[in-house]
Every structure is written in C-alpha cells, then in structure tokens.
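An overview of the molecular structure
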Amino acid sequence: MEAIKKTQAAPGLDQAQLVHAIERFNTDYCRALDDGRLHDWVEFFTEDAYYVISARENHTAKLPVGLVYCEGKGMLKDRALAILETSMFAPRYLRHFVTNTYAEPQDDGTIVAGANYMLTQVLMDQPTATLHQVGCYLDRFVFENGELKLQERRAIYDNLLLDNALVHPV
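Analysis parameters
- Residues numbered from 1 in each chain as written.
- Predicted model: local features only at pLDDT ≥ 70, side-chain atom pairs only at ≥ 80, totals over all residues.
- Heavy atoms only, no water.
- Salt bridge = Lys/Arg side-chain N within 4 Å of Asp/Glu carboxyl O.
- Buried < 20%, exposed > 50% of the residue type's maximum accessible area, 1.4 Å probe, protein only.
- Helix = DSSP H or I, 4+ residues; strand = E, 2+ residues; numbered from the N terminus.
- Pairing = 2+ DSSP bridges.
- pLDDT = per-residue confidence, 0-100.
- Expected span 1.5 Å × (residues − 1).
- Arc of directions from axis to C-beta.
- Contact = heavy atoms within 4.5 Å.
- Polar contact = N/O pair within 3.5 Å; in protein donor to acceptor, adjacent residues only side chain to side chain.

A word on the pattern of salt bridges. Under the counting rule described, the total for this entry stands at nine salt bridges. A salt bridge links Asp35 to Arg37; the shortest N-O distance between them is 3.7 Å. Judged by relative accessible area, Asp35 falls into the partly exposed class, the value being 47%. Linking Asp139 and Arg153 is a salt bridge whose minimum nitrogen-to-oxygen distance equals 2.8 Å. Taken as a pair, Asp139 in strand β6 (residues 130-144) and Arg153 in strand β7 (residues 147-157) lie far apart in primary sequence, 14 residues in all. Arg153 shares its class with Asp139; the two are buried. Through salt bridges with shared partners, one network takes in Asp35, Arg37 and Asp40.

Written out as structure tokens, the structure is:
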C-alpha cells in the first residue's frame, strides 16, 4: 500500500529561501530534461498534476489548447515513454536556461511561482545551436513530505513559430 502523501505549506521558509528552493527545483528539473532522463522528469510532479505547453496567444485568450497537454501523472508517464521508446525524431541536445524566479505562498498551502525560460537545441546533423523557445513558466507548487512538487506547470512560449518539432517537455 502506497504511503499517504502529506501536502503542506512552505515549511518555515522565508521569501528568499522559498525562491531559492524553487530555483534549485528548476535547476534539477532542467538537468533531468537536458540529460534525457524523462522518467525522472515525471517525478517532479504530483499525482494530479497539470502540464501544458501553450502559445502566448492561446494563454492570453484563455484557450486550453496546447501543443502538449497532460492531466495527471499517468499522462506524463505516457508522454515520457512515448518519447523514449516509440517516437521517431531527429536526435538532439537541449539546454534550458531559467531566470527571474518569483514565488508567492498562498493561503491554501500552495505556492504560485514563475520564471522566464529559454530553450536551445542542437540537432545532431546541424552544426549550430538554435533558439527553440523563449517563454515563461507559470507554476503552482506544493510540498509533499517536505519535497517541492509541481501541481501545475504552464510553459507559455512567446515564439510565433517553433523551429523544428516540439518533441521533449519544456
């Protein structure tokens, strides 16, 4: 039987410590993606997580449509498995750069947070890196058993066009 996960507010963290904890979280999250560890990526989320990659225009218009849309950890696991074992795409290297993190604890124990991101990619058959996406993360975090987890991540990209295919999570 799986242990019950206890969700709690930011455990005794001041504002600077909370921002630092989220920056550390994002560093670990991006390292998992950049290293291709998609099964590890899934573990950054709660069981009931919501994850979407969407254009700024859709987000601004409050349209739920996204290039990637996952409700629940099961859909995230399916996405990771599909990328790792069944999808065919040109091999690539990714590098995430995340900055300007903010965090705002909420009365319900969650933390509303966000940051800007830039994602570059190098296709193995191309000589140069390209800018794949620029955008922002709009997040809702919770602490489960003392560990930060994403309850919701919206990756909102500013690009009007995406170079090549969107394969990997952002």
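Turning our attention to the pairing of strand β3 (residues 68-71). Of the two faces of β3, only one is covered, namely that formed by Val68 and Cys70; the face formed by Tyr69 and Glu71 stays uncovered. Bridge analysis of strand β2 (residues 45-55) against β3 gives four bridges, and the strand direction is antiparallel. Among the inter-strand pairings, Tyr50 is bridged to a residue of β3, identified as Glu71.

Turning our eyes to something else, we now look at the confidence of the model for the chain. Confidence in the prediction for the chain averages 89 pLDDT; 90% of positions are at 70 or higher. Per-element confidence in the chain is highest for β7, whose mean pLDDT is 97, and lowest for strand β1 (residues 7-8), whose mean pLDDT is 54.

Across its 14 residues, helix α4 (residues 73-86) extends 19 Å between first and last C-alpha, which sits within 8% of the 20 Å expected from 1.5 Å per residue. For α4, the set of buried residues is Lys73, Leu76, Ala80 and Ile83. Taken end-on, α4 shows its buried residues confined to a sector of 95 degrees, consistent with a single buried face. Those residues of α4 that are exposed and aimed more than 90 degrees away from the buried face are Asp78, Glu85 and Thr86. At its buried positions, α4 is contacted by α2 (38-42), β2 and β3.

In this model, Asn100 sits at a positive phi of 60 degrees, which is unusual for a non-glycine residue. By the secondary structure assignment, Asn100 is in strand β4 (residues 92-105). For Asn100, a relative accessible area of 54% puts it in the exposed group. At Asn145, a residue that is not glycine, the phi angle is positive and equals roughly 50 degrees. Among the residues examined, Asn145 registers a relative accessible area of 51% and is labelled exposed.

Before going further, it helps to examine helix α1 (residues 15-34). For α1, which comprises 20 residues, the first-to-last C-alpha distance of 28 Å matches the rise-based estimate of 28 Å (1.5 Å per residue) to within 8%. Restricting attention to buried positions, one finds in α1 the residues Leu18, Val19, Ile22, Phe25, Asn26, Tyr29, Cys30, Ala32, Leu33 and Asp34. Looking at the buried side of α1, the elements it contacts are α2, β2, β4, β5 (111-123), β6 and β7. Two to three positions downstream of the cap, the backbone nitrogen of Ala16 sits 3.2 Å from a side-chain oxygen, assigning the N-cap of α1 to Asp14.

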